[in-house]
Every structure is written in structure tokens, then in C-alpha cells.
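These are the residues of each chain, in order.
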Amino acid sequence: MNRPDLQDALIAVGVLCVVLVAVRFAFLCASTYLVRALDRRPRQRMLRVGHRTRVVSGLAGFRGAVSLAMVLSVPQTLDSGEPFPDRSFIVFVTSDVILVTLVVQGLLLPVAVRWAKLPPDTSVDEEHDLAETTAIEEAIKAMPRLAADLRSDPKIVEWLRQYEAHLASVRARSAGAHDDPAVLQHQDYLALRLALIAGKRATVVRLRDERRIDDTVLRILQAALDSEEVRLSGGAAVE
């Protein structure tokens, strides 16, 4: 590629980058106001976001994989055997546009996110609390019937009343009352259970070291302890 072609290619890269960003911002703004004009439901209004969020969405629009695959699929020659016209120019411009959008927009994106001051996304926590609360409520409702069907000892049913304390903890946490006694008691319960698991793990390792159990039994016990610890640690992390 000679010097005049290089200059034309760089100009084309600059123009295309500006056009791509401008079209993305225009689409985001136009689609937003179109949806607002057509959908007046209160639920839709709750989903509305401000211009700061749209700026972050506009800068987050990286391009690359599909564009690069398409430009590299351009044949080297025509069916007549002649070189494909301006193929090197097309590959150069496309590659540079991809590079500029990745590097420039990638460097600007963290700055835009800090400027936008986006609220934390609590949807995962809310869905987790909803699922956990519903599951515990239905388990408590089903407990008398299941106990009767299985002819369980009443003492075992009483042991399972911890579900009610767990439910109170989840409800308090969902309401934002992290200092509620139910939440604090549940956290103490998890901390004690995790400490007991650590003690049990040390014990089985000691038994193996004393050659009172072999490695096979140790691995089975450790797998069970690991599973219990992961389950409890997941609940503790959500707290």
C-alpha cells in the first residue's frame, strides 16, 4: 500500500469509527424514546434508565470477531484470476477500525462507568432471596404431610424446625435488616457449622496419619465435608 492509499485508509478508519459510535448512540436514543412512546405501562417505566447508562451502553459496543471473519473471507482473486480489487485496503481499514474501537473504547469504558455512577445490580440477590424464601415456605408446609407419610419420629420433625429460623433470617435479610437477631443468629449458626467441619476434617486426616483409616476412606469423607462446606459457604457469602 503506497503513501496516498495509506492516507486514504487512515481517513476511512477515522470516519468509520465516528460513524459507528454515532449510529450506536442514535439507535440507543431512538429506540428508547420509541419504546417510551409506544409502551406507557407502569412496569415499563420502572425499567427506564438515564442518559448516563446509555452512554455506558454506547461505549460498550465493541466490534471485532464477525467483522474480521467477514473481511478475511474476501477472496484473494476473482474468478477470472485477477487480484480482488482493493482487498488490502479493505482488510487494513476493517482491522484498524476493530483495533481503534477495542483500544480507545476499552480505555474509555472504565472512565465512563465511574462517571455514570451506576447503581449496584441487586437482581441476582433478589431472585436468590425469592427462590430461597419460596422453597423454605413450601418445605415447611409440606413437612407435616411428609412426616406422616414417612412415619418420622416427632423428635426428628422438631430438629427440622431450624427451617423456620432460616426463613426468618432470609426475610429479614431481604428487608435490609442485616442486624436483625434472626440474621445474626443464622450467621452464628453458619460460623459454628463451618468450624465444626474444619474440626472434622482435621480429625479424619489425623486418623489417616495414624493409619487407622486408609486414603480411600479419607477421600470419601473429605468429599462429603467439602460438599457440606461449599453449601454452607454459599449461604454465608450471600449474607
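Below or above, wherever it landed, is the structure these notes cover.

Reading the values: the criteria
Residues numbered from 1 in each chain as written. Predicted model: local features only at pLDDT ≥ 70, side-chain atom pairs only at ≥ 80, totals over all residues. Heavy atoms only, no water. Core = buried A, V, L, I, M, F, W, Y, C linked by side-chain atoms within 4.5 Å. Buried < 20%, exposed > 50% of the residue type's maximum accessible area, 1.4 Å probe, protein only. Helix = DSSP H or I, 4+ residues; strand = E, 2+ residues; numbered from the N terminus. Contact = heavy atoms within 4.5 Å. Axes fitted to C-alpha atoms, helices over the stretch in contact; angles between N-to-C directions. Parallel < 35°, antiparallel > 145°, perpendicular 65-115°, else oblique. Nonpolar A, V, L, I, M, F, W, Y, C, P; charged D, E, K, R; others polar. Patch = residues over 30% accessible without salt bridge, like charges linked within 9 Å, V, L, I, M, F, W, Y side chains within 5 Å. Areas by Shrake-Rupley, 256 points an atom, 1.4 Å probe, with all protein chains shown as cover. Salt bridge = Lys/Arg side-chain N within 4 Å of Asp/Glu carboxyl O. Lys, Arg positive; Asp, Glu negative; His and termini not counted. Charge placed at Lys NZ, Arg CZ, Asp CG, Glu CD. Expected span 1.5 Å × (residues − 1).

## Here we look at the nonpolar core
Okay, step 1: Formed by Leu190, Ile197, Val204, Leu218, Leu225 and Leu232, the largest nonpolar core amounts to six residues.
Okay, step 2: Sorting the residues of this core by element identifies α9 (181–209) and α10 (215–238) as the ones contributing at least two each.
Okay, step 3: With near-sequence residues (within four places) excluded, Leu225 lies in contact with Ile197, Lys200, Arg201 and Val204.

## Focus: the packing of helix α4 (residues 65–72) against helix α5 (residues 87–116)
Okay, step 1: Following both chains from N to C, one finds α4 and α5 inclined at 170 degrees, their axes separated by 10 Å at the closest point. As far as their axial angle goes, α5 and α4 are roughly antiparallel. For the pair formed by α4 and α5, the contact residues are Ser67, Leu68, Val71 and Leu72 on the first element and Arg87, Ile90, Val91, Thr94, Ser95 and Ile98 on the second.
Okay, step 2: Within the contact of α4 with α5, the residues separate by chemical class into six nonpolar, three polar and one charged.

## Things to note about a negative patch on the surface
Okay, step 1: Taken together, the side chains of Asp121, Asp125, Glu126 and Glu127 make up a negatively charged region of the molecular surface.
Okay, step 2: When you line up the elements, Asp121 lands in the loop between α5 and α6 (123–150).
Okay, step 3: When its relative accessible area of 61% is taken as the criterion, Asp121 is described as exposed.

## Topic: α5
Okay, step 1: Between its first and last C-alpha atoms α5 spans 41 Å; for 30 residues at 1.5 Å apiece the expected length is 44 Å, and the two agree.
Okay, step 2: Residues of α5 that are buried include every one of Arg87, Val91, Val93, Thr94, Val97, Ile98, Thr101, Gln105, Leu109, Ala112 and Ala116, and no others.

## Re the side chain of Glu228
Okay, step 1: With respect to the helices, strands and loops of the structure, Glu228 is situated in helix α10.
Okay, step 2: The class of Glu228 is buried, set by a relative accessible area of 19%.
Okay, step 3: Each residue touching Glu228, except ones within four places of it in the same chain, is listed here: Arg193, Ile197 and Lys200.

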